Amino acid sequence: NIFVYNCLAKDYKNNLIEDKTNTINLSKKFKLNIEVINSNGFYELISLNIPTILILNKKIDKLTKSALSDFIELKQNNVYFEDPIKAAKFINNNIYKIDSWWLSKRVQSTLKKFRSKYARTVNDQAKVLLKAL
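Described below are features of the structure shown in this document. Bear in mind the structure is a predicted one, so any value in this text is a computation, not a measurement. (Residues numbered from 1 in each chain as written. Predicted model: local features only at pLDDT ≥ 70, side-chain atom pairs only at ≥ 80, totals over all residues. Heavy atoms only, no water.)

**Quick look at the packing of helix 3 (residues 40–47) against helix 7 (residues 105–118)**
Next, step 1: Direction vectors running N to C along helix 3 and helix 7 enclose 125 degrees, while the axes themselves pass 10 Å from each other. Between helix 3 and helix 7, the interaxial angle falls into the category oblique. Between helix 3 and helix 7 the crossing geometry is left-handed. Contacts from Phe42, Tyr43, Ile46 and Ser47 in helix 3 reach Leu111, Phe114, Arg115 and Tyr118 in helix 7.
Next, step 2: Broken down by class, the residue content of the contact of helix 3 with helix 7 amounts to six nonpolar, one polar and one charged. (Axes fitted to C-alpha atoms, helices over the stretch in contact; angles between N-to-C directions. Helix = DSSP H or I, 4+ residues; strand = E, 2+ residues; numbered from the N terminus. Parallel < 35°, antiparallel > 145°, perpendicular 65-115°, else oblique. Left-handed = near helix turned anticlockwise from the far one by under 90°. Contact = heavy atoms within 4.5 Å. Nonpolar A, V, L, I, M, F, W, Y, C, P; charged D, E, K, R; others polar.)

Below, the structure is given as structure tokens:
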């Protein structure tokens with residue numbers, strides 16, 4: 001998406017990393033994944049329970065009213081940030097204990113609830129699609 005790329009390039013200048021590798025394979029290289037667009041990459045990582053935070057730029061991404069309460073809960077558990085400085089402080093203070101934060105009962109409970117609404121994993125995708133049709 002050219003619009004999103006241009007917005008990110010403008011805001012993040014020399015800190016933008018472009019990689020054609022898919023999100024899942026790329027995520028294996030890092031302790032913590034940082035997503036800056038509310039897109040499939042974020043939801044894929046969440047569905048696979050891979051440590052991830054989402055930092056949204058309100059100029060690019062808008063949350064729907066129906067999703068707001070779910071994102072507030074993610075925010076309370078440091079999975080979602082609107083302020084990149086707060087996200088950076090959280091990461092700096094927790095980089096050596098990412099697993100204990102991510103795997104804590106509180107964060108996992110929030111993620112389980114979020115996954116059930118937005119990032120479910122199903123074994124029989126064809127059956128779910130057929131039921132929806």
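Now that the structure has been shown, we can carry on.
**Here we look at the packing of helix 4 (residues 65–76) against helix 7**
Next, step 1: At a minimum axis separation of 9 Å, helix 4 and helix 7 run at an interaxial angle of 155 degrees. As the angle between them shows, helix 4 and helix 7 are arranged roughly antiparallel. Of the two possible hands of crossing, helix 4 and helix 7 adopt the one that is left-handed. Residues Ser66, Ala67, Asp70, Phe71, Glu73, Leu74 and Gln76 of helix 4 touch helix 7, and the partners they reach there are Arg106, Thr110, Leu111, Lys113, Phe114, Lys117 and Tyr118.
Next, step 2: Tallied by class, residues from the contact of helix 4 with helix 7 come to six nonpolar, three polar and five charged.

**Here we look at helix 7**
Next, step 1: For helix 7, with 14 residues, the first-to-last C-alpha span of 20 Å sits near the 20 Å given by 1.5 Å per residue.
Next, step 2: Here helix 7 has its buried residues at Val107, Gln108, Thr110, Leu111, Phe114 and Arg115. The buried residues of helix 7 occupy an angular sector of 160 degrees when projected down its axis, which confines them to one face. Facing away from the buried side of helix 7 by more than 90 degrees, the exposed set consists of Lys105, Arg106 and Lys112. (Expected span 1.5 Å × (residues − 1). Buried < 20%, exposed > 50% of the residue type's maximum accessible area, 1.4 Å probe, protein only. Arc of directions from axis to C-beta.)

**Some remarks on the nonpolar core**
Next, step 1: In terms of nonpolar packing, the biggest core is built from 24 residues, with Phe42, Ile46, Ile53, Phe71, Leu74, Val79 and Trp101 touching the most fellow members.
Next, step 2: When sequence neighbours within four positions are dropped, the list of residues in contact with Val79 reads Phe42, Ile46, Thr52, Ile53, Leu54, Leu74, Trp101, Trp102, Val107 and Leu111. (Core = buried A, V, L, I, M, F, W, Y, C linked by side-chain atoms within 4.5 Å.)

**Notes on helix 3**
Next, step 1: All of the buried residues in helix 3 are Gly41, Phe42, Tyr43, Leu45 and Ile46.
Next, step 2: The first or second residue beyond helix 3 is Asn49, which carries a positive phi of 60 degrees.

By themselves, these are just geometric observations and shouldn't be taken as functional.
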